[in-house]
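Spelled out, the chains give:
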Number of protein chains: 2
Amino acid sequence: MVWQSPFLSPGHHTGERRVATDFSATRAMFDLPEGVIYLDGNSLGPLPKAVPERLAKVVREEWGQMLIRGWNEAGWMEMPRRIGDRVARLIGAEPGSVVMGDTLSIKVWQALSSALELVPGRRVILSDTGNFPSDLYIADGLTRSLGKGYEVKTVAPEEVAAAIDESVAVVMVTETDYRSGRRHDMAALAQLAHARGALLVWDLAHSAGAFPVHLARDGADFAVGCSYKYLNSGPGGPAFIYVAPRHQAKARPGLSGWMGHEKPFAFDLDYRPGQGIERMRVGTPPILALAALDAALDVWEGVDPEDLRKASLALQEQFIRDTEAACPELELASPRDPGIRGSQVSFRHPEGYAIMQALIAQGVIGDFRAPDILRFGFTPLYIDESDIRRATAILARVMAERLWDNPAYKTRAAVT
Amino acid sequence: MVWQSPFLSPGHHTGERRVATDFSATRAMFDLPEGVIYLDGNSLGPLPKAVPERLAKVVREEWGQMLIRGWNEAGWMEMPRRIGDRVARLIGAEPGSVVMGDTLSIKVWQALSSALELVPGRRVILSDTGNFPSDLYIADGLTRSLGKGYEVKTVAPEEVAAAIDESVAVVMVTETDYRSGRRHDMAALAQLAHARGALLVWDLAHSAGAFPVHLARDGADFAVGCSYKYLNSGPGGPAFIYVAPRHQAKARPGLSGWMGHEKPFAFDLDYRPGQGIERMRVGTPPILALAALDAALDVWEGVDPEDLRKASLALQEQFIRDTEAACPELELASPRDPGIRGSQVSFRHPEGYAIMQALIAQGVIGDFRAPDILRFGFTPLYIDESDIRRATAILARVMAERLWDNPAYKTRAAVT
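Residues numbered from 1 in each chain as written. Chains lettered and ligands numbered in written order. Predicted model: local features only at pLDDT ≥ 70, side-chain atom pairs only at ≥ 80, totals over all residues. Heavy atoms only, no water.

A. Structural context of the packing of aromatic side chains. According to the stated counting rule, one finds 29 aromatic pairs over all chains in the structure shown. An aromatic cluster of at least three residues, connected via ring pairs, comprises Phe132(A), Tyr178(A), Trp258(B), Phe265(B) and Phe267(B). Note that Arg123(B) overlies the ring of Tyr150(B), its terminal NZ or CZ placed 4.4 Å from the centroid. Here the basic side chain of Arg183(B) rests over the ring of Phe211(B), its NZ or CZ set 3.7 Å away from the ring centre. (Phe/Tyr/Trp six-rings, centres within 6.5 Å; stacked < 30°, edge-to-face > 60°. Lys NZ or Arg CZ within 6 Å of the ring centre and 35° of its normal.)

Right, dumping it as structure tokens:
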């Protein structure tokens, strides 16, 4: 039940090469470097062409000319909510249920903190060992601050469902495993969590913009995500938080900053949480980063997430088939069933780090995740069949000619 | 003792007009709109000319061309710490004791949370009613999360010193009152707090870049601040946090995100705080905003904070004298003693909001703070004597001709 394939239409796990929709229009909206095949948009999306111009406008015409008046005249103050609504459409969320700001780690803290208080009497945050470490670190930090017996319990990903017992207040899972790309069935987990009296916090870091997400339909309580991966907002772009409408009036913001106040500019000494999702705002919003995100989201106008999913799976299937055929020493580290795979494909090799460096030197950019994972992200927004063909040919050469066996490729950089 | 004037050299409280140093060089580094006298840099600093070019370079050449490699090749990952060191020099902090990121409200939470744990057995956060409300809101939210008898106690600003008793774990004050510009004597408060077993969290929102700050010399334990006011980083620019070296190894990060981990890219499941100030990092750093700040800080190369202070006070004295002479119906809301005044001057009037709108319509931009405060910020970086002369002449005309008595100026905007 947990591993079903809700978004996959028949025929698409057979590996056929047909791409459902032509994405040449969105591809033309990105500024990609010459000679690079970019398979790392799951880590940092590339530059949408609209961003530099929009940023220059915000800097010169809004900040430069309006100065402080930009908060009213350029609509800066509404950006977290307005852009949140744009993201909401991509993740199946109700209007007015998503707000932008801060970083994903901060948003995880907010979601967990609020969710725990909605389930008084229970003390366990349940997560899994495939979760992104920062989510686990944040949960650990939160439970240490709270004391009172709060704790984080982690189990293997496939054991999450069975581990939801009456001690669990909140189930916190990242839908798509950052290493393997394996997906949880969030609808099934939500149903199970609710039946057992727990709430679900859902991390969409590798989901938003990667495939169709249906937060409202699938019963999410809280969700969080970042915008710098498949939403292409640039390095360190703003995060988002979703709170289901049924929880909004009761969710206490643990990080009660002035922008989440009912009337920030009354400058009252007492905190009163704002209406609805507004209360999840914290400090002064990052206008430059929000402007970049806003421009980046234009790419999505007219994109049908279902078409995107079909095209993404076609690219993945092509990549897996061609890589396995040409590079038998690489072991598939992603689920073979496309229905439980996100928008990335990972392979395992003891020399994974050096292989990735050699690949990057040849113009194929993916990334490495310790200890041995070669990770490749796919999005039809700017990647097509011919990119995959070229990438697998280069990968085959790197492996056949042992191009990775070079001391220069074995010294690890600070950031991997 | 609390109200002494540590930074004022003899003669500068007499209102003499001499400006100690020529700031025409820094003035030329800002892009100010034609016909505007900008006295609101205490709310949002204006655009440094170096920012648009730097942002364009980071966006097109780093993000656009390097893509994910920017984290290593463009030094993105080190920016929070490297730029923190640049800010450290402006606030008298030790190298390696300041890191950038998030918003001021988040940094307040981090500082308070860590400080409270360093004073076990005490439960009170002491603050004052002149503090910026968001700091109080954050403290309130934190104590509610912690439970266990933690509470926030607020007294009048002049009563803070006397209220530091053995119940107080942390004294949290904003050095410069956002409404009146009145300054606490932070060195004296630190001495008193330490003598009574408490720690001091110091908000530098209206101090950093406004006048010389000496965190190390004056015994600060924790300090926080924003960069979009006197440091001119743009709307919603990154905040900073300072942790005194003596506390760094013991300060537990309550918001334990992966960037504060000892080895973020080991992706361990357990959190181990990073070395020194690094542990106060939380999520992925906001590179575009950090780049804007980095370029904005170039303005400070060669500026002596003591010269800046002298010139700022000369401008303030000129503004007070000329305004009081021409507008007797405006009541000075800032301390008359320049030694306890930051870098702003406030006046009080029941029609303050409308008066400020009328002034803005005439090209003099200050701001309004409820219920009746007209607020004007001064920095010699881009404001000089002739600006003050023109501003006071316009203010005099607004008052004499009752230009404010216009219904269009009485409807309050969302952001004031």
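B. Structural view of the UniProt feature "modified residue: N6-(pyridoxal phosphate)lysine" (unreviewed entry) in chain A. All names here are of chain A. UniProt records the feature "modified residue: N6-(pyridoxal phosphate)lysine" (unreviewed entry) for Lys229 in the present numbering. Under the relative-accessibility criterion, lysine 229 is labelled buried at 10%. Setting aside chain neighbours within four positions, we find lysine 229 in contact with Gly41, Asn42, Ser43, Leu44, Gly45, Ala205 and His206. A polar side-chain atom of lysine 229 sits 3.1 Å from the main-chain carbonyl oxygen of asparagine 42. (UniProt positions renumbered as here; feature names shortened; annotations may be inferred. Buried < 20%, exposed > 50% of the residue type's maximum accessible area, 1.4 Å probe, protein only. Contact = heavy atoms within 4.5 Å. Polar contact = N/O pair within 3.5 Å; in protein donor to acceptor, adjacent residues only side chain to side chain.)

C. Looking closely at the packing of helix α5 (residues 104–118) of chain A against helix α6 (residues 133–146) of chain A. Residues and elements named next belong to chain A. One can describe the packing of α5 onto α6 by two numbers: an axis separation of 9 Å at closest approach and a directional angle of 45°. On the basis of the axis angle, α5 is oblique to α6. Judged by the twist between their axes, the crossing of α5 over α6 is right-handed. Counted together, Ser105, Val108, Trp109, Leu112, Ser113 and Leu116 of α5 and Ser134, Asp135, Ile138, Ala139, Leu142 and Leu146 of α6 form the full contact between these two elements. For the contact of α5 with α6, the class distribution of residues is eight nonpolar, three polar and one charged. (Axes fitted to C-alpha atoms, helices over the stretch in contact; angles between N-to-C directions. Helix = DSSP H or I, 4+ residues; strand = E, 2+ residues; numbered from the N terminus. Parallel < 35°, antiparallel > 145°, perpendicular 65-115°, else oblique. Left-handed = near helix turned anticlockwise from the far one by under 90°. Nonpolar A, V, L, I, M, F, W, Y, C, P; charged D, E, K, R; others polar.)

D. Structural detail: the environment of Asp307(B). Residue and element names in this part refer to chain B. Structurally, aspartate 307 is set in helix α11 (residues 305–326). Accessibility expressed as a relative area gives 21% for aspartate 307, which makes it partly exposed. Between the C-alpha atoms of aspartate 307 and phenylalanine 211, which are 96 residues apart in sequence, the distance is 9.2 Å.

E. Structural detail: the interface of chain B and chain A. Across the contact, 84 residues belong to chain B and 84 residues belong to chain A. At the boundary of chain B with chain A, total buried surface from both sides reaches about 7300 Å², with 68% on carbon and sulfur atoms. Its largest share of buried area at the contact with chain A, chain B owes to Trp63(B), Tyr137(B) and Phe267(B), together 12% of the area lost on that side. At the junction of chain B with chain A, the criterion picks out zero salt bridges. At the boundary of chain B and chain A, one finds 28 residue pairs in polar contact (both at pLDDT 80 or more). For the side of chain B that touches chain A, the secondary structure elements donating two or more residues are β3 (47–48), α2 (50–66), α3 (70–73), α5 (104–118), α6 (133–146) and α10 (287–297) of chain B. Top element by residues in the side of chain B that touches chain A is α6(B). It accounts for eleven residues. (Buried area = accessible area lost by both parts, 1.4 Å probe. Salt bridge = Lys/Arg side-chain N within 4 Å of Asp/Glu carboxyl O.)

F. Main features of the relation of the copies chain B and chain A. Superposition of chain B onto chain A requires a rotation of 180° combined with a translation of 0.0 Å along the rotation axis, giving an RMSD of 0.0 Å. In short, the pair behaves as if placed about a two-fold rotation axis. In terms of proximity to the rotation axis, the leading residue of chain B is Leu146(B), whose C-alpha is 2.6 Å off the axis. Of all interface residues in chain B, 100% are interface residues in chain A too; the two copies therefore contact each other through one and the same surface. (Least-squares fit on C-alpha atoms with pLDDT ≥ 70 in both.)

G. Spatial organisation of unusual backbone geometry. Residue and element names in this part refer to chain A. Following alanine 370, the chain continues into proline 371 via a peptide bond in cis, with omega recorded as 0°. Assignment of secondary structure puts proline 371 in the loop between β14 (367–369) and β15 (373–377). We note that arginine 402 has phi near 50°; this positive angle belongs to a residue other than glycine. One can find arginine 402 in the segment after α13 (385–400). Among the residues examined, arginine 402 registers a relative accessible area of 46% and is labelled partly exposed.

H. Local environment of the domain arrangement of chain A. Residues and elements named next belong to chain A. Domain parsing of chain A yields domain 1 (24–47 + 304–409) and domain 2 (50–300). Just the C-alpha atoms count here: the centres of domain 1 and domain 2 sit 28 Å apart. Across the contact, 32 residues belong to domain 1 and 25 residues belong to domain 2. Summing the contributions of domain 1 and of domain 2, the shared interface buries around 2200 Å²; its carbon and sulfur component is 60%. Here domain 1 is connected to domain 2 by zero salt bridges. Elements with a contribution of two residues or more to the side of domain 1 that touches domain 2: α11 (305–326), β12 (344–348) and β15. Counting residues per element, the side of domain 1 that touches domain 2 draws most heavily on α11, at four residues. Along the lines of polarity and charge, the residues of the side of domain 1 that touches domain 2 split into 16 nonpolar, eleven polar and five charged. (Domains from an automatic or database assignment.)

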